[in-house]
Amino acid sequence: MKQQLDTLVSEMIDRGILFSDARREFEKRFIARVLGHCDGSLTKTADTLGMHRNTLTRKMGQYRIKRRAG
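Residues numbered from 1 in each chain as written. Predicted model: local features only at pLDDT ≥ 70, side-chain atom pairs only at ≥ 80, totals over all residues. Heavy atoms only, no water.

Enquirer: Is there a simple way to explain the confidence of the model for the chain in this structure?
Expert: Interpretation of the predicted coordinates at a detailed level should be avoided for regions scoring low in pLDDT. Residues with a pLDDT of 70 or more make up 97% of the chain, whose mean pLDDT is 94. When pLDDT is averaged over each helix and strand of the chain, the minimum, 95, is found for helix α1 (residues 2–14) and the maximum, 98, for helix α3 (residues 42–49). (pLDDT = per-residue confidence, 0-100. Helix = DSSP H or I, 4+ residues; strand = E, 2+ residues; numbered from the N terminus.)

The structure is reproduced here in structure tokens:
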């Protein structure tokens, strides 16, 4: 896992991707993936991510992540 992440970071640097863009994309995908894994449960997703449910809801709106009921 560490090697894959190191390779990805190197590729992003070579392509000139800004930290803010990389962080935003990672956060969006990570939240969406955990939300799907938790069958759309905001409470379970927030707990899994280690954040408050209100923070999760705000980030979902910010990234336009749709809640898919399980």
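Enquirer: How should I be thinking about the nonpolar core in this particular structure?
Expert: One broad rule of soluble globular proteins: the nonpolar side chains tend to lie buried together. Within the largest apolar cluster, eight residues are counted, these being I31, L35, L42, A46, L56, M60, Y63 and I65. Broken down by secondary-structure element, the contributors of at least two residues to this core are α2 (19–37), α3 and α4 (53–63). Top element by residues in this core is α4. It accounts for three residues. With residues near it in sequence (within four places) discarded, L56 still touches I31, L42, T45, A46, L49 and M51. (Core = buried A, V, L, I, M, F, W, Y, C linked by side-chain atoms within 4.5 Å. Buried < 20%, exposed > 50% of the residue type's maximum accessible area, 1.4 Å probe, protein only. Contact = heavy atoms within 4.5 Å.)

Enquirer: Would you take a moment to explain the environment of S10 for this structure?
Expert: For S10, the position within the fold is in helix α1. What makes S10 partly exposed here is its relative accessible area of 40%. Residues S10 and R67, spaced 57 residues apart in sequence, show a C-alpha to C-alpha distance of 33 Å.

Enquirer: What exactly am I supposed to notice about a nonpolar patch on the surface here?
Expert: Among the surface-exposed residues, L5, L8, V9 and I13 lie close enough to one another that they form a single nonpolar patch of about 370 Å² accessible area. Its location among the elements puts L5 in helix α1. A relative accessible area of 48% means that L5 is categorised as partly exposed. (Patch = residues over 30% accessible without salt bridge, like charges linked within 9 Å, V, L, I, M, F, W, Y side chains within 5 Å. Areas by Shrake-Rupley, 256 points an atom, 1.4 Å probe, with all protein chains shown as cover. Salt bridge = Lys/Arg side-chain N within 4 Å of Asp/Glu carboxyl O.)

Enquirer: Help me understand a positive patch on the surface in this model?
Expert: Taken together, the side chains of K28, R64, K66 and R68 make up a positively charged region of the molecular surface. Mapped onto the fold, R64 is located in the segment after α4. (Lys, Arg positive; Asp, Glu negative; His and termini not counted. Charge placed at Lys NZ, Arg CZ, Asp CG, Glu CD.)

Enquirer: Looking at this model, I keep getting lost on the packing of α2 against α4. Mind explaining?
Expert: How two helices sit against one another is set out by the angle between their axes and by the gap between those axes. Packing of α2 against α4 brings their axes to within 11 Å, and their N-to-C directions diverge by 120°. The interaxial crossing formed by α2 with α4 has left-handed handedness. Note on element contacts: α4 touches α2 through L56, K59, M60 and Y63, opposite R24, E27, K28, I31 and L35. (Axes fitted to C-alpha atoms, helices over the stretch in contact; angles between N-to-C directions. Left-handed = near helix turned anticlockwise from the far one by under 90°.)

Enquirer: I'm lost on unusual backbone geometry in this one. Help?
Expert: With glycine set apart, most residues show a phi of negative sign, and most peptide bonds adopt trans. In this structure, D39 takes a positive phi of about 55° despite not being glycine. Along the polypeptide, D39 turns up in the loop between α2 and α3. Residue class for D39 comes out exposed when judged on its relative accessible area of 55%. Even without glycine at this site, R64 takes up a positive phi of about 55°.

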